[in-house]
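Overview (structure and organization)
Listed below, chain by chain, are the residues.
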Amino acid sequence: LYWNGKKLDDGAYLITFKDTRSGHRSMVYFTVFDSNSKVTGTQPYIVEFETGKESYKIGENIELMLPAIKDGKALVSVERGSRVLEQKWVNLSDSKTKLELSSKDSWAPNIYINVTVVQKYMQKNNDLPLRMYGVKYIRMDANKLPLTPVSNIPVNLESNKTYTFNITEKSG
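Residues numbered from 1 in each chain as written. Predicted model: local features only at pLDDT ≥ 70, side-chain atom pairs only at ≥ 80, totals over all residues. Heavy atoms only, no water.

1. Overview of the pairing of strand S12 (residues 131-141)
Summarising the sheet, strand S6 (residues 55-57) and S12 pair through 3 bridges and their orientation is parallel. From the neighbouring strand, Tyr56 faces S12, where its bridge partner is Met140. Looking at chain direction, strand S11 (residues 110-118) and S12 are connected through 9 bridges and run antiparallel. Among the inter-strand pairings, Thr116 is bridged to a residue of S12, identified as Tyr133. (Pairing = 2+ DSSP bridges. Helix = DSSP H or I, 4+ residues; strand = E, 2+ residues; numbered from the N terminus.)

Right, here's the structure in full:
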């Protein structure tokens with residue numbers, strides 16, 4: 001992620017927006033990290049969870065190890081693009097919770113596993129935030145040949161002009 005032409009370091013950020021006429025302010029927190037690297041648990045609202053490996057074959061079970069949070073609940077969702085492919089609630093315990101997801105053809109070539117952990121208000125089991133989240137990128141190997149798109153897009157494009165082009169697959 002870039003801000004004013006410079007790449008942001010990994011970590012948590014806060015942006016404050018202010019309407020100069022009304023004086024209204026709005027704030028948003030966000031975290032920057034390389035999606036292929038492990039997110040460190042230095043931010044209290046980031047829940048760390050583990051996968052058995054970084055890449056799976058279609059049909060293989062994806063192993064998740066969810067953190068030990070007594071009486072917590074985790075919403076685990078498998079997502080791709082703007083679609084939720086699968087989701088389920090999991091009850092957490094005072095020891096790590098193992099979860100297996102059966103992978104499907106539609107998950108290739110990659111998915112993101114999102115985990116949102118929620119805890120009851122006024123619980124006294126731990127001092128973690130009531131809401132935490134984490135995400136992991138998983139590469140899915142479908143044992144299919146990679147796509148080789150072919151296009152007839154012009155080499156040079158000019159602004160304010162309309163172009164028509166086609167994209168096909170080299171192997172049909």
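Continuing now.
2. What about the nonpolar core?
One finds Ile62, Val76, Leu101, Ile113 and Val115 to be the most contacted residues of the largest nonpolar core, which totals 23 residues. No other element matches the 4 residues that S11 contributes to this core. Leaving out residues up to four positions away in the same chain, Leu101 has contacts with Glu60, Asn61, Ile62, Leu64, Val76, Val78, Glu86, Lys88, Trp107 and Ile113. (Core = buried A, V, L, I, M, F, W, Y, C linked by side-chain atoms within 4.5 Å. Buried < 20%, exposed > 50% of the residue type's maximum accessible area, 1.4 Å probe, protein only. Contact = heavy atoms within 4.5 Å.)

3. Observations regarding the sheet that holds S12
Here 5 strands make up an open sheet; going across it, the order is S6-S12-S11-S8-S9 and the pairing mixed. The open sheet is flanked by S6 and strand S9 (83-91), the only strands paired with a single partner. For this sheet, the mean angle separating the axes of adjacent strands, direction not counted, is 25°. Where strand S8 (residues 73-80) meets S11, 7 bridges bridge the pair, whose relative direction is antiparallel. In the strand pairing of S11, Ser77 is matched with Asn114. (Axes fitted to C-alpha atoms, helices over the stretch in contact; angles between N-to-C directions.)

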